[in-house]
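Topology and contacts: notes
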2 protein chains.
Amino acid sequence: MAELRNRQVVLNNYVVGFPKESDMSIVEGTITLKLPEGSSDLLLKNLYLSCDPYMRFLMTKEDNPLGIGAYKLYSALTGNGVSKVVESGDPDYKKGDLVCAWTRWEEYSLIPSSQIRFKIEHTDLPLSYYSGVLGMPGLSAYAGFFEVGSPKKGDNVFVSAASGAVGQLVGQFAKLKGCMLLEVLEAKIRYFPEGIDIYFENVGGKTLDAVLPNMRLHGRIPICGMISQYNLTQPEGVTNLAHLIFKRVKMEGFLVSEFFHLFPKFLDFVMPLIREGKVVYVEDIVEGLENGPAALVGLYSGRNVGKQVVVVARE
Amino acid sequence: MAELRNRQVVLNNYVVGFPKESDMSIVEGTITLKLPEGSSDLLLKNLYLSCDPYMRFLMTKEDNPLGIGAYKLYSALTGNGVSKVVESGDPDYKKGDLVCAWTRWEEYSLIPSSQIRFKIEHTDLPLSYYSGVLGMPGLSAYAGFFEVGSPKKGDNVFVSAASGAVGQLVGQFAKLKGCMLLEVLEAKIRYFPEGIDIYFENVGGKTLDAVLPNMRLHGRIPICGMISQYNLTQPEGVTNLAHLIFKRVKMEGFLVSEFFHLFPKFLDFVMPLIREGKVVYVEDIVEGLENGPAALVGLYSGRNVGKQVVVVARE
């Protein structure tokens, strides 16, 4: 069988501070679209790759705090993606199946079937959504807001990084729940006269510090991320934590992996809302693997509007 | 009726930074131990006054974050105390009753009966304990540890300000619950190999920052206070908050006032333990109202060992 071109995005060096496009390269390899005899692995054609803030942690050599191994130098980045099965050694999957997987930043990937997150059953919605609203960012917004945030009708909700993959959904879920969504310039956070019941935290640092004195009694702060801090060798100090005492606020970190059991329930909730237009999802789509490094780097400067996706192939 | 001397501790000026003894004065007034005709107030002889970290907030002119009015200049400080009823205009109290009250730093106080927290029923234990283990600090330790901290047998517990009014009790409650109490020099916090399930937070700032990377998965941080920060015009920045995400930690502020309903249950729990010697309580007792300012100021430099009490009169 003929070899095919298989371009990859590889890491050139471990990153200190903000990542730059030049920390990555596009390299061109080849792949044979045939599984070794007796293999139970899968060959995937990658369609959409997800750019996610946590990826910065894997660009650092030291043991990262997520407990996932760092990227290997000169190897393809790993990440969440939407892919099509080309060959399958696992009877649960067959050629042509669409899957969400922990895949690699390359055109074709050979992965063990344990890295498949789930098979895509509903294809009436854009496939790219499975890297966003119908994937980990969607579940993060759902679990973080409803499970960790414990929202009540009428609560004042503030979301940082409100145009991002997760934040845009939290805002819409809050409105659906009958909450008041506070939409202000972050520079004006200090002037919320009514106070905040739920602060959905994606940013950290100075933003958190500005929000804390504005929390209401018994407020909740689900912490989904602190993207402003990930590239700083010395994180910004948060000085207003004593307001957690004065207002009896609960601040709680979470990872989406703890809520995978809610995924079917979440899809049942969100898919009808998307079909009815009651939830919309903004994507920032970049065409071509070769534009992946710029897209990924852009996350940390807030360049993206909506969920950042890289299209490797449309089908 | 003759007038009696009534010395008071008054505030000379609003405080910036660390309070000094010279921010307070002892002034000598007089009082007539007779209630006005038809009054429903009480006349108290103050026996023990409690030195508590929150009092620093009331020494600042601006609205303080606790929502309690600031001290008035040249007036007696207010605070928790153990007092004896000298005259009562309220049928619920009679001369000779011992009470815990929101009283004033003076020898005798005229207060409305609404400021009585409770009547002391059990006098087989030292009366001063009602400003500590049998008062608000005791309830803070109990509610903060058992209600906010959700301890499980075998949990690793770390307490900052572990010799203070609240901290010494949390440590003992933790051992009674079957938890492992981590007793280390704070300088060595970074080297806890086993990790921390519950950090009972009394100190804040750098101590919190050193603890955060040592938290275990699903750890809890009840925040009782952050005494290291109360005198700083610019609080220390806490930089390690992202560990709340990595370890899915819940950090929650509380005030004892939210748990007053548990007070009878708490006394039923703790009084037998004290009588059996299973809970001991260390007090740092200063004799004489005139030594009150130094005792209060000493809280913020960590001078006290155990609960800081000022004896105004023994009976």
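Residues numbered from 1 in each chain as written. Chains lettered and ligands numbered in written order. Predicted model: local features only at pLDDT ≥ 70, side-chain atom pairs only at ≥ 80, totals over all residues. Heavy atoms only, no water.

1. Some points on the relation of the copies chain A and chain B
- The two copies are related by a screw operation: chain A maps onto chain B through 180° of rotation and 0.0 Å of translation along the axis, at an RMSD of 0.0 Å. Expressed as a symmetry operation, the mapping of one chain copy onto the other fits a two-fold axis. Among all C-alpha atoms of chain A, that of A:G237 lies closest to the rotation axis, at 1.7 Å.
- When the interface residues of chain A are mapped onto chain B, 97% of them are again interface residues, pointing to one common binding face. (Least-squares fit on C-alpha atoms with pLDDT ≥ 70 in both. Contact = heavy atoms within 4.5 Å.)

2. A look at the domain arrangement of chain A
Residue and element names in this part refer to chain A.
- Here the domain parsing of chain A yields domain 1 (3-132 + 281-311) and domain 2 (136-258).
- Put simply, the middle of domain 1 and the middle of domain 2, counted by C-alpha atoms, are 29 Å apart.
- Between domain 1 and domain 2, the contact holds 22 residues from the first and 13 residues from the second.
- In total, domain 1 and domain 2 occlude about 1,300 Å² of area from one another, counting both sides; carbon and sulfur atoms represent 65% of this.
- One can count 5 residue pairs in polar contact (both at pLDDT 80 or more) joining domain 1 with domain 2. (Domains from an automatic or database assignment. Buried area = accessible area lost by both parts, 1.4 Å probe. Polar contact = N/O pair within 3.5 Å; in protein donor to acceptor, adjacent residues only side chain to side chain.)

3. Side note on the side chain of B:S109
Residues and elements named next belong to chain B.
- As for its position among the elements, S109 is in strand 6 (residues 108-111).
- In this structure S109 comes out as buried when scored by relative accessible area, which is 0%.
- Among the polar contacts made by the side chain of S109, one reaches the side chain of T103 at a distance of 3.2 Å.
- The residues contacting S109, other than those within four sequence positions of it, are L42, L43, L44, N46, T103 and R104. (Helix = DSSP H or I, 4+ residues; strand = E, 2+ residues; numbered from the N terminus. Buried < 20%, exposed > 50% of the residue type's maximum accessible area, 1.4 Å probe, protein only.)

4. A closer look at helix 1 (residues 136-148) of chain A
All names here are of chain A.
- The buried count for helix 1 comes to 11 of 13 residues, which makes it a mostly enclosed element.
- Taken together, the buried positions of helix 1 are M136, P137, G138, L139, S140, A141, Y142, A143, G144, F145 and V148.
- Taken from the residues just after helix 1, S150 is the one with a positive phi, measuring 45°.

5. With respect to the interface of chain A and chain B
- Taken together, the contact pairs 32 residues of chain A with 31 residues of chain B.
- For the pair chain A and chain B, the summed buried area comes to about 2,600 Å², and 69% of that belongs to carbon and sulfur atoms.
- Three residues stand out in chain A for area buried against chain B, namely A:I245, A:F246 and A:R248, and they jointly supply 25% of the buried area on that side.
- Viewed at the interface, chain B and chain A are joined by 2 salt bridges.
- Here A:E258 makes a salt bridge to B:R248, at a shortest N to O gap of 2.7 Å.
- At the boundary of chain A with chain B, the tally comes to 8 residue pairs in polar contact (both at pLDDT 80 or more).
- Counting residues per element, the ones that place at least two in the side of chain A that touches chain B are strand 11 (215-223), helix 4 (243-246) and strand 12 (250-253) of chain A. (Salt bridge = Lys/Arg side-chain N within 4 Å of Asp/Glu carboxyl O.)

6. With respect to the state of the cysteines
All names here are of chain B.
- In total, this model carries 0 disulfides over all chains according to the counting rule given.
- As a non-bridged cysteine, C100 has C51 as the owner of its nearest cysteine sulfur, 15 Å distant.
- Note on C100: relative accessible area 5%, which makes it buried.
- C224 supplies the cysteine sulfur nearest to C179, a cysteine that is in no disulfide, at a spacing of 17 Å.
- For C179, a relative accessible area of 7% corresponds to the buried category. (Disulfide = S-S within 2.5 Å.)

7. A closer look at the sheet that holds strand 9 (residues 180-181) of chain A
- Read from one edge to the other, the open sheet built from 10 strands follows the order 9(A)-8(A)-10(A)-11(A)-12(A)-12(B)-11(B)-10(B)-8(B)-9(B), with strand pairing classed as mixed. Only two strands of the sheet have a single partner each, and these edge strands are strand 9 of chain A together with strand 9 (180-181) of chain B.
- Direction of pairing for strand 8 (residues 156-159) of chain B relative to strand 10 (residues 196-200) of chain B: parallel, over a ladder of 3 bridges. From the neighbouring strand, B:V159 faces strand 10 of chain B, where its bridge partner is B:F200.
- Its contacts with the sheet place helix 1 (residues 136-148) of chain B against strand 8, strand 10, strand 11 (215-223) and strand 12 (250-253) of chain B, and it is angled at close to 150° to strand 10 of chain B.
- Here helix 2 (residues 167-176) of chain B sits on the sheet and contacts strand 8, strand 9 and strand 10 of chain B; the angle it forms with strand 8 of chain B, its principal contact strand, is near 170°. (Pairing = 2+ DSSP bridges. Axes fitted to C-alpha atoms, helices over the stretch in contact; angles between N-to-C directions.)

8. Overview of the nonpolar core
- One finds A:L241 and B:L241 to be the most contacted residues of the largest nonpolar core, which totals 94 residues.
- Filtering out sequence-adjacent residues up to four positions away, A:L241 remains in contact with A:L212, A:M251, B:L208, B:M226, B:V238, B:L241 and B:M251. (Core = buried A, V, L, I, M, F, W, Y, C linked by side-chain atoms within 4.5 Å.)

9. A few points about the side chain of B:T103
- Position of B:T103 relative to the elements: it lies in strand 5 (residues 98-104).
- Dropping the residues within four chain positions of it, B:T103 is found in contact with B:L44, B:N46, B:L49, B:L77, B:T78, B:G79, B:N80, B:G81, B:S83 and B:S109.

10. Considering the UniProt feature "domain: Oxidoreductase N-terminal" (unreviewed entry) in chain A
- The UniProt record marks residues 7-115 of chain A with the feature "domain: Oxidoreductase N-terminal" (unreviewed entry), using the residue numbering of this structure.
- Taken end to end, residues 7-115 of chain A is 0% helix and 41% strand, and its two terminal C-alpha atoms sit 21 Å from one another. (UniProt positions renumbered as here; feature names shortened; annotations may be inferred.)

11. A look at the pattern of salt bridges
Residue and element names in this part refer to chain B.
- Evaluation of the coordinates by the stated rule reveals 32 salt bridges over all chains.
- In this structure, D197 engages R216 in a salt bridge whose closest nitrogen and oxygen atoms are separated by 2.9 Å. With D197 in strand 10 and R216 in strand 11, the pair connects residues that are 19 residues apart, well separated along the chain.
- Of the charged contacts, one joins E236 and K206 as a salt bridge, the two residues approaching to 3.9 Å between their closest N and O atoms. Linking E236 in the loop between strand 11 and helix 4 (243-246) with K206 in helix 3 (residues 205-211), this pair joins segments that are 30 residues apart in sequence.
- A relative accessible area of 24% means that E236 is categorised as partly exposed.
- Under the relative-accessibility criterion, K206 is labelled exposed at 63%.

12. Quick look at unusual backbone geometry
- Of note, the phi angle at A:A161 is positive, near 50°, even though the residue is not glycine.
- As for its placement among the helices and strands, A:A161 is situated in the loop between strand 8 (156-159) and helix 2 (167-176).

13. A closer look at the packing of aromatic side chains
Residue and element names in this part refer to chain A.
- Within the structure shown, the criterion is met by 34 aromatic pairs over all chains.
- Ring centres of Y142 and F266 lie 5.1 Å apart, and the angle between their planes is 45°; this geometry places the pair in the tilted category. Of this pair, Y142 sits in helix 1 while F266 sits in helix 5 (residues 263-275), placing them 124 residues apart in sequence.
- Geometrically, the ring pair formed by F146 and F269 is edge-to-face, given 5.7 Å between the ring centres and 80° between the ring planes. Of this pair, F146 sits in helix 1 while F269 sits in helix 5, and the two are 123 residues apart along the sequence.
- Relative accessible area serves as the criterion here: at 23%, F146 is assigned to the partly exposed category. (Phe/Tyr/Trp six-rings, centres within 6.5 Å; stacked < 30°, edge-to-face > 60°.)

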